[in-house]
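Read off the chains here:
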Amino acid sequence: MSQQQWWRDAVIYQIYPRSWADHDGDGMGDLPGITARLPHLAGLGVDAVWLSPFYTSPQHDAGYDVADYRDVDPRFGTLADFDAMTAKAHELGLRVIVDIVPNHSSSDHPWFQEALAAEPGSPERARYMFRDGGGPNGDEAPNNWVSNFGGPAWERVTDPDGSPGQWYLHLFDVSQPDFDWTNAEVGDEMESVLRFWLDRGADGFRIDVAHGLVKVAGLPDAPAGHEIADAVRTADFPMWDQPGVHDIYWRWRKVTDSYAVEGQDADRILCAEAWVRPSESLALYVREGELHQSFNFSFLMSPWIATEMQQVIQESLEAVEAYAAPQTWVLSNHDVVRHASRLGYDPVPGLLRMEGIGADDPQPDAEVGLRRARAATTVMLALPGSAYLYQGEELGLPDATQLPDDVRQDPTWEKSGHTSRGRDGCRVPVPWEGDAPSYGFGPTESSWLPQPEVYGELAVDRQAGVEGSTLELYRALLRLRREHRVGRGELTWRDLGEHALAFEVTSESGPGILVIANVGGEFVALPEGSEILVASGPIDTEQGLPIDTAVWLTTS
Ligand code: NOJ
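Cut-offs and rules
- Each chain has its residues counted from 1, following the order in which its sequence is written.
- In view of the model being predicted, local features appear only for residues whose pLDDT reaches at least 70, and side-chain atom pairs are presented and counted only at 80 or more, with totals across whole chains, interfaces and linings using the full set of residues.
- To get the side-chain values, take all heavy atoms of the structure and skip hydrogens and water.
- These domain boundaries are the output of an automatic or database domain assignment.
- Only heavy atoms matter for contacts: two residues are in contact if any of them lie within 4.5 Å across the pair.
- Two parts placed together each lose some accessible area under a 1.4 Å probe, and the buried area is that loss summed for both.
- By convention in these notes, a salt bridge is any Lys or Arg side-chain nitrogen within 4 Å of a carboxyl oxygen on Asp or Glu.
- Between N or O atoms, a polar contact is any pair within 3.5 Å; within protein, one atom must be a potential hydrogen donor and the other a potential acceptor, and residues adjacent in sequence are included only when both atoms are from side chains.
- Helix and strand labels come from DSSP, where a helix needs a run of H or I of at least four residues and a strand needs a run of E of at least two; each type is numbered from the N terminus.
- Pairing between strands requires that DSSP locate at least two bridges from one strand to the other.
- With axes taken as lines fitted to C-alpha atoms, and helix axes fitted only over the stretch in contact, angles between N-to-C directions fall between 0 and 180 degrees.
- Should an angle fall under 35 degrees it is taken as roughly parallel, and over 145 as roughly antiparallel, whereas 65 to 115 is taken as roughly perpendicular and any remaining angle as oblique.
- Throughout, the ten residues Ala, Val, Leu, Ile, Met, Phe, Trp, Tyr, Cys and Pro are labelled nonpolar, Asp, Glu, Lys and Arg are labelled charged, and all others, Gly among them, are labelled polar.
- Only Phe, Tyr and Trp rings are paired, with Trp represented by its six-membered ring, and only when their centres lie within 6.5 Å; those with planes under 30 degrees apart are stacked, over 60 edge-to-face, the remainder tilted.
- When accessible area is computed with a 1.4 Å probe and restricted to protein chains, residues below 20% of their type maximum are described as buried, those above 50% as exposed, and intermediate ones as partly exposed.
- The rule is short: NZ of Lys or CZ of Arg within 6 Å of the ring centre and within 35 degrees of the ring normal puts a charge over the ring.
- Only residues whose relative accessible area exceeds 30% and that form no salt bridge are eligible for patches; like-charged ones are grouped when within 9 Å, while nonpolar side chains (Val, Leu, Ile, Met, Phe, Trp, Tyr) are grouped when within 5 Å.
- For the area figures, the Shrake-Rupley method with a 1.4 Å probe applies, and any residue is considered shielded solely by the protein chains shown.
- Charged residues are defined narrowly, with Lys and Arg counted positive, Asp and Glu counted negative, and His plus the chain ends left uncounted.
- Charge positions come from single atoms, namely NZ of Lys, CZ of Arg, CG of Asp or CD of Glu.

Moving on: the domain arrangement of the protein. Domain annotation of the protein identifies domain 1 (6-103 + 184-473), domain 2 (110-169) and domain 3 (489-554). Using C-alpha coordinates to define each centre, domain 1 is positioned 31 Å away from domain 2. Each partner contributes to the interface: domain 1 provides 18 residues, whereas domain 2 provides 14 residues. For the pair domain 1 and domain 2, the summed buried area comes to about 1300 Å², and 64% of that belongs to carbon and sulfur atoms. At the junction of domain 1 with domain 2, the criterion picks out one salt bridge. Between Arg127 and Glu185 there is a salt bridge; the shortest N-O distance is 2.8 Å. On inspection of domain 1 and its partner domain 2, the count reaches five residue pairs in polar contact (both at pLDDT 80 or more). Elements that contribute at least two residues to the side of domain 1 that touches domain 2 include exactly helix 4 (184-199) and helix 11 (411-415).

Turning to the sheet that holds strand 16 (residues 513-518), a few remarks are in order. Strand order in this open sheet of five strands is 14-15-16-18-17, and the pairing throughout is antiparallel. With one partner strand each, in any of the chains shown, strand 14 (491-494) and strand 17 (531-535) form the two edges of the open sheet. The sheet shows a mean angle of 25° between the axes of neighbouring strands, taken without regard to direction. Bridge count between strand 14 and strand 15 (residues 500-505): four bridges; the pairing is antiparallel.

This next bit is on the packing of helix 10 (residues 366-380) against helix 14 (residues 470-484). Packing of helix 10 against helix 14 brings their axes to within 10 Å, and their N-to-C directions diverge by 10°. Relative to helix 14, the element helix 10 is oriented roughly parallel. Residue-level inspection shows Leu370, Arg374, Thr377, Thr378 and Met380 of helix 10 in contact with helix 14, the latter providing Thr470, Leu473, Tyr474, Leu477 and Arg481. The residue makeup of the contact of helix 10 with helix 14, split by class, is five nonpolar, three polar and two charged.

So, on to the packing of aromatic side chains. With the rule as written, the count across this model stands at 26 aromatic pairs. Each ring, one from Tyr69 and one from Phe179, has its centre 6.5 Å from the other, and the planes form 40°; the classification is tilted. In this pair, Tyr69 is assigned in strand 4 (residues 68-72) and Phe179 in the loop between strand 8 (164-169) and helix 4, connecting sequence segments 110 residues apart. Classification of Phe179 by relative accessible area gives buried; the value is 2%. Summarising the aromatic geometry, the rings of Phe149 and Phe172 are spaced 5.5 Å apart at their centres and angled 70° between planes, so their arrangement reads as edge-to-face. Linking Phe149 in the loop between strand 6 (130-131) and strand 7 (154-158) with Phe172 in the loop between strand 8 and helix 4, this pair joins segments that are 23 residues apart in sequence. When its relative accessible area of 5% is taken as the criterion, Phe149 is described as buried. For Phe172, a relative accessible area of 10% gives the class buried. Connected via pairs of aromatic rings, a cluster forms that spans Tyr69, Trp111, Phe112, Tyr128, Phe130, Tyr168 and Phe179. Sitting over the ring of Trp448, Arg18 keeps its end group 4.1 Å from the ring centre. Sitting over the face of the ring of Phe130, Arg125 holds its NZ or CZ atom 4.6 Å from the ring centroid.

By the secondary structure assignment, Thr444 is in the loop between helix 11 and helix 12 (454-457). With a relative accessible area of 28%, Thr444 lands in the partly exposed category. Along the sequence, Thr444 and Ile248 sit 196 residues apart, while their C-alpha atoms lie 45 Å from each other. Within the structure, Thr444 has its side chain in polar contact with the backbone nitrogen of Ser446 (distance 3.2 Å).

On to a negative patch on the surface. A cluster of acidic side chains, namely Glu280, Glu315, Glu318, Glu321 and Glu490, defines a negative patch on the protein surface. Considering the arrangement of structural elements, one finds Glu315 in helix 8 (residues 306-321). Judged by relative accessible area, Glu315 falls into the partly exposed class, the value being 38%.

Written out as structure tokens, the structure is:
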């Protein structure tokens, strides 16, 4: 079996370090906790882990506010803990992807502190986007840009003498000032950070807000009255998807390629988190010589409707075809409502519930959500390309939809003026043992967000070895995916009626695999003589595939 370009069909498991495993019992996950639990992933059958940030940070945005790019926050451990974790992962055959946050730093970063202490126009200020305010007294924000977390994207500073000063740009929290990427010093610093982690054995990077680094010169106003979420063309907004970002990634690719071991293909990878439309623009990030992968969020955003899903999959595959790049697939991550909850609502095109769910919102149907989530994953893991899993989805974890508002930590809740609940619901610590304190998350009761009771029933030890459990379904899917190498296959659609999503994908070991998902109709009859390899739920031997169920079949 070819291992060339491992990332083309890799399954990459996202660990959110705060919430995966807590070794020291302080209620917050840490690197030694991760090291101890890595055998779970080797047993699950994934190829790599991607860790959300564990760097030194005041944690105003759960670590996406980095104060020191070359160190581990004491909450998560030390650099020696990182080395031990990486060594253990490699020993188990797992690669390690780290998160790089190049659009902004924390306001605690020494560069930003120096910028605050320095004069307008100084080299220290030139590393960030400081501008004079508008209006006669400079007390109007330099333009109309809004922060992703709500409210204006500009904050006015107070000068050392106490008088109001310039403004700085923060596309996210006020504690996350945007770097100025037109300043060569910024690019050089980030390249040096990449090399720091590559030298320590990191196998690649997930690039945070990859489409945001370059802003249109002069910082013109954003189109008034339009929401970025509805944009047909992301690049119409002067802070997103500007052509200059690609120059940065050409440079980065040269850096990762320079780590190739002689005689082997280069195997350190770069994956963009870029919320970019249309898909043709997104595909530009994975041109030859640029990034290896880019997250494809259109699949995640598709409602549970067969025709819509088929269209999204087809468009996604076509978009990257010209560049011979693999497509990526993902259903859950630390920024969106878990798919076991998202799919527990009636499918309404365009309604995503990305804004989080609170106790007084309509609640998802847990049973329907889980059934559809299992079916959706069964489809996803058969698609050609690479797939990303989010910690706990292999247990079928729902979002914590009843969190008390006073425990919420995502800045979105406050910054949106309590209109958007934010992302805490998908970040609740993972349950490992149904009967242990904090369900085995750590050695104590402590957990930085409270775990819903149902997490106890869904703990790893309650599902391991249990036929029909979600954990065993994931294990079976990942084993078969490897065996048949469907991630490197070719997809052909099959028409089995309007409610069935059906396709055949070629296998490297024998006949192709037929994948059928019943996305909302009567039973779907299974083709005569086909053999079931794996099913997301019980099959009715008489009538066939029940609603919200998916199956892999051999097609000989
Ligand atoms: C995307 C990350 O996934 C998200 O969690 C974070 O808040 C923003 N980027 C800002 O860094």
